[in-house]
Amino acid sequence: GKDDKPTAVNAPSPASSPSNQSEQKPDESPENQEFKVGETIQMGDYKLTVNEVKKSSGGDFDKPKDGMEFVIVKVTIENAGKEKISYNPFDFKMANSQGQITDQTFTTIDSSTHLNSGELAPGGKVSGTIPFEQPKGDNKLQLQYQPNFWSDKTIKVNLQ
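Now for a look at the structure at hand. (Residues numbered from 1 in each chain as written. Predicted model: local features only at pLDDT ≥ 70, side-chain atom pairs only at ≥ 80, totals over all residues. Heavy atoms only, no water.)

## Regarding unusual backbone geometry
Although it is not a glycine, Asp-110 sits at a positive phi angle of roughly 55°. Relative to the assigned elements, Asp-110 resides in the loop between strand 7 (101-102) and strand 8 (118-120). (Helix = DSSP H or I, 4+ residues; strand = E, 2+ residues; numbered from the N terminus.)

Structure representation (C-alpha cells):
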C-alpha cells in the first residue's frame, strides 16, 4: 500500500492517555523507533535492511564460549543519496537482555559473507553478514546501527 512507512505499533493514541500532559506528537524520526527484521529503514542517505538472523553453535575449531551462541545477522545497506557513503561492520552493535551492547565477534563461521568496510556510490548497495556472540536463546536481542558520523542517532532493529 502507500502507507508502508514503518510506524510504532502499539503507541497509545493521545486520546487514550490522559496522563500525557504534553500535547506534542510522538517523535516519528527513525532513531526513536524500533524496527523489525525485513523492514527497510531510511535515515539520511542510508537505507538499512536486516535481511535475516541465524543462530550458530559454531564449527569444530570455532565455537562460542560456554552458554553462548553465534548470532549472524545479514544486512543490506543502500545509498539513497547523491554523495558517497561509507559503511563498516563496526557501525553495528548488538544489545541483549542483560543490557550488554557489544561489537561484532571474530569467527570464521560464514567468513565468506562477512560485511567488510568500504564505500557506496550513489544508488549502490552492499549486503553481508555480521557475527555476534550472545547468550544462548536470548530473545531480547537488538541490532543497533550508528554510522560513525551520526554521533547522536541510532537505528534499532529488534531481532525476534
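Resuming the write-up.
## So, the environment of Pro-135
By the secondary structure assignment, Pro-135 is in strand 9 (residues 125-135). A relative accessible area of 12% means that Pro-135 is categorised as buried. Those residues in contact with Pro-135 that sit more than four places away from it in its chain are Gly-67, Met-68, Glu-69, Asn-96 and Gln-98. (Buried < 20%, exposed > 50% of the residue type's maximum accessible area, 1.4 Å probe, protein only. Contact = heavy atoms within 4.5 Å.)

## Topic: the pairing of strand 6 (residues 92-95)
The sheet contact formed by strand 6 and strand 10 (residues 142-145) spans four bridges and is antiparallel. Looking at strand 10, one finds that Lys-93 is bridged to Gln-144. Looking at chain direction, strand 6 and strand 7 are connected through two bridges and run antiparallel. From the neighbouring strand, Met-94 faces strand 7, where its bridge partner is Thr-102. Between strand 6 and strand 7, which pair antiparallel in sequence order, lie five residues; one of them, Gly-99, sits at a positive phi of approximately 80°. (Pairing = 2+ DSSP bridges.)

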